[in-house]
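Overview (structure and organization)
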Amino acid sequence: MNYTRLLNDETERVKFMDKKELRMKILKNIEHEARVNIGELAVRLGVEETDIANEMSEMENEGIICGFLTLIDWDKTDSQTVTALIEVRCTPQRGQGFDTVAERIYKYPEVNSVYLISGGFDLLVTLEGKTLQEIATFVTDKLSAQESILSCATHFILRRYKDHGTILTRKYTDERQLITP
Amino acid sequence: MRNPIADRVEELKPSGIRKFFDIVSEMKDAISLGVGEPDFDTPWHIRDEGIYSLEKGRTFYTSNAGLKELRTEISKYIDRRGIAKYDPLKEVLVTVGGSEAIDLALRAMLNQDDEVIIPEPSYVSYVPCTIMAGGKPVVIDLKAKNEFRLTAEELEAAITPKSKVLILPFPNNPTGAIMERSDLEAIAKVIEKHDLFVVSDEIYSELSYKEEHVSIASLPGMRERTILINGFSKAFAMTGWRLGYCCGPEIIITQMTKLHQFCIMCAPTTSQYAAVEALKHGDADVAEMKEAYNQRRRFLMNEFKKMSLPCFEPYGAFYVFPDISEFGMTSDEFATELLKEEKVAVVPGTAFGASGEGFVRISYAYSIENLKIALDRINTFIQKRRNGKTS
């Protein structure tokens, strides 16, 4: 199926966009602009609003769109949370690889993300806690205590320069001349 | 004391943009839609290559025509775009922006009083460069009803026995107009018939939103009579690096290189190294920026439609050129009032030639957020005028 819309009456011979391309364009746009109005996005992409709405709900059902998050620089708030990256080495389970270990870890709500990693260790876990102590307790009581986990190396994040493709330490200012030919 | 200034310099009209710039810069907190350069920073990998070349101490001159490696990459790029094959050693010249190439091409080709056909509205330097090269500018006023494209009839009507060069400024600044293959084929016949040469300023070639841009140099018989001008400013967001280039037949490029050698020596070395990286690995950046511009373009056109502000749909560059003649003001008055009342800066169409009267140039080299604020204000401005509540 093709999606297209004639923008200015009959004048625009828009290149026909297939489903794959439309999906890619929607995703690229909402990845960094979750709050974009669907009507506006339809205008910008030159397609019908209903096409976007349909594709988005389909992608939600398919688990491609997993949620709409807000990127927050907590360091600029009063919140005192600490974030840790933990390198976990563990023994894979017969028939399940690392899936069972990963599941046991990701079920904790304070765990932000769990990745299977190539290289010197197996799982990379990011974890948020109120204090250093809280994280230390989690690592010793919940992680290291697990049978299949061989070792943990914990790193605390000291400063976030860039997160999710967004530079947090600098704001864009337009320094161009106001009028140029 | 004698007048230190040459007559023909004194007689040159200053750019209409300059005057407007002075008013705008007086104004605090004005939102500008008047900028003719990308809002993106140069992609980091390109900047990094420039920095690296400085760290390596590459602070010397390059050969006059430019780094061989860069000329080779330019030649490959032009070929990759399906335009033509140019010998990097004899048919490519690296210049200080596309602007220098325009100047060189005219100075290399014009004899005293040769006529240069210049379609307007268009970039501000063609007329003065023609005059300084001793030529005579012959202006064609492009028509909104033709979407500001150049037609064969218009061209034919402008030709005299003295005509030598045609400037072809598409995709166009300020109108955003493009020339499609069939448009170019029609004028190519006229060009051949009257033995004209073409200076094709294709600096916005990567920003063409309908089909891929077609260069006149790619048409049969045109390569030999065309100086193709392009550069890094718009496609790679590298305006401040001041780097452009031109490709053409050896007989012309050799003479342009001679002029370039005497007045410039060579284009900035750091920029040239960065440009090699841009051509080798920058295609994805270009595509991404183009997509962003295209989204803004559609957004703007839709907003104009909502405001019932007439505007032909432009398919190139990053400008729209709405028709403001219904308000009974000149372009200059419209832009000035808009700036005073709503603090939005746009450029009067007349800054780009008399035929820009009744239009203003709006640039979309701004974020959507910025465009939204500015358009709200423009809407307020025009609705007030329509309701007859002018102050």
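These figures come from a predicted structure and were not determined experimentally. (Residues numbered from 1 in each chain as written. Chains lettered and ligands numbered in written order. Predicted model: local features only at pLDDT ≥ 70, side-chain atom pairs only at ≥ 80, totals over all residues.)

1. A look at the packing of helix 4 (residues 68-80) of chain B against helix 10 (residues 269-281) of chain B
Residue and element names in this part refer to chain B. Note the threshold: To obtain each axis, a line is fitted to C-alpha atoms, and for helices this fit is confined to the stretch in contact; angles are then taken between N-to-C directions over 0 to 180 degrees. Only DSSP runs of H or I with at least four residues qualify as helices, and only runs of E with at least two residues qualify as strands; both kinds are numbered from the N terminus onward. Here roughly perpendicular refers to angles of 65 to 115 degrees, roughly parallel to angles under 35, roughly antiparallel to angles over 145, and oblique to all remaining angles. Two helices cross in a left-handed way if the nearer one is turned anticlockwise from the farther one by less than a right angle. They cross in a right-handed way if the turn is clockwise. It is the C-beta atoms, placed from the backbone, that decide contacts: two residues are in contact if theirs lie within 7 Å. Each residue gets one of three labels, nonpolar for Ala, Val, Leu, Ile, Met, Phe, Trp, Tyr, Cys and Pro, charged for Asp, Glu, Lys and Arg, and polar for the others, Gly among them.
Packing of helix 4 against helix 10 brings their axes to within 9 Å, and their N-to-C directions diverge by 30 degrees. The orientation of helix 4 with respect to helix 10, classified from their angle, is roughly parallel. Every pair of crossing elements has a handedness; the one defined by helix 4 and helix 10 is left-handed. Contact with helix 4, carried on its side by E69, L70, E73, I74 and Y77, involves Q272, A275, V276, L279 and K280 of helix 10 and no other residues of that element. Residue composition of the contact of helix 4 with helix 10, grouped by class: 6 nonpolar, 1 polar and 3 charged.

2. Regarding the interface of chain A and chain B
Taken residue by residue, the interface counts 17 residues in chain A and 24 residues in chain B. Residue composition of the side of chain A that touches chain B, grouped by class: 6 nonpolar, 5 polar and 6 charged.

3. Brief notes about the environment of S308(B)
With respect to the helices and strands, S308(B) occurs in the loop between helix 11 (283-307) and strand 9 (319-320). Distance from S308(B) to N379(B), taken between C-alpha atoms, is 9.8 Å for residues 71 residues apart in sequence.

4. Points about unusual backbone geometry
Cis geometry marks the peptide bond from F170(B) to P171(B); its omega dihedral reads -10 degrees. Looking at where P171(B) falls in the secondary structure, it is placed in the loop between strand 5 (163-168) and helix 8 (181-193).

5. With respect to the sheet that holds strand 4 (residues 136-141) of chain B
All names here are of chain B. The condition is simple: Paired strands are those between which DSSP finds at least two bridges.
Read across the sheet, 7 strands follow the order 2-8-7-6-5-3-4 without closing on themselves; strand pairing throughout is mixed. In this open sheet, the two strands that pair with only one neighbour each are strand 2 (92-95) and strand 4. Taking the axes of each pair of neighbouring strands and ignoring which way they run, one obtains an average angle of 20 degrees across the sheet. The sheet strands contacting helix 9 (residues 250-263) are strand 2, strand 7 (226-231) and strand 8 (244-247), and the helix crosses strand 2 at an angle near 30 degrees.

6. Points about the pairing of strand 12 (residues 360-363) of chain B
Moving residue by residue along a regular strand, the side chains alternate between the two faces of the sheet. Residue and element names in this part refer to chain B. Formally: With C-beta atoms placed from the backbone, the exposure class of a residue follows from how many other C-beta atoms lie within 10 Å of its own: 20 or more, buried; 12 or fewer, exposed; in between, partly exposed.
Here strand 12 shows two buried faces, one formed by V360 and I362 and the other by R361 and S363. As paired strands, strand 9 and strand 12 are joined by 2 bridges and run antiparallel to one another. Looking at strand 12, one finds that Y319 is bridged to S363. Note: strand 11 (residues 347-348) against strand 12, 2 bridges, orientation antiparallel. Bridging from a neighbouring strand, V347 pairs with R361 of strand 12.

7. As for the domain arrangement of chain B
All names here are of chain B. As a reminder of what qualifies: Bear in mind that the domain bounds are from an automatic or database domain assignment.
Domain annotation of chain B identifies domain 1 (7-41 + 284-381) and domain 2 (59-280). Elements represented by at least two residues in the side of domain 1 that touches domain 2 include exactly helix 11 and strand 9. Sort the elements by how many residues they give to the side of domain 1 that touches domain 2 and helix 11 lands first, with 7 residues. A class-by-class count of the residues in the side of domain 1 that touches domain 2 yields 19 nonpolar, 8 polar and 8 charged.

8. Quick look at the sheet that holds strand 6 (residues 149-156) of chain A
Residues and elements named next belong to chain A. What the 4 strands build is an open sheet, ordered 4-5-3-6; its pairing is antiparallel. Strands with a single pairing partner mark the edges of an open sheet, and in this sheet they are strand 4 (111-116) and strand 6. Across this sheet, the average inter-strand angle for adjacent strands is 20 degrees, counted without regard to direction. Looking at chain direction, strand 3 (residues 82-90) and strand 6 are connected through 7 bridges and run antiparallel. Note that in strand 6 the partner of I86 across the bridge is T154. Along the sheet face, helix 4 (residues 99-106) touches strand 3, strand 4, strand 5 (123-129) and strand 6 and points at about 170 degrees away from the line of strand 4. Seen against the sheet, helix 5 (residues 132-143) touches strand 3, strand 5 and strand 6 and runs at an angle of roughly 20 degrees to strand 3.

9. Overview of the packing of helix 2 (residues 38-45) of chain A against helix 3 (residues 49-61) of chain A
In a pair of packed helices, the angle between the axes and the distance between the axes together describe the arrangement. All names here are of chain A. Helix 3 packs onto helix 2 with a crossing angle of 110 degrees between their chain directions and a minimal axis gap of 8 Å. The pairing of helix 2 with helix 3 is recorded here as roughly perpendicular in orientation. Crossing of helix 2 against helix 3: the hand is right-handed. From helix 2, I38, G39, L41 and A42 reach across to helix 3, where they touch E49, I52 and A53.

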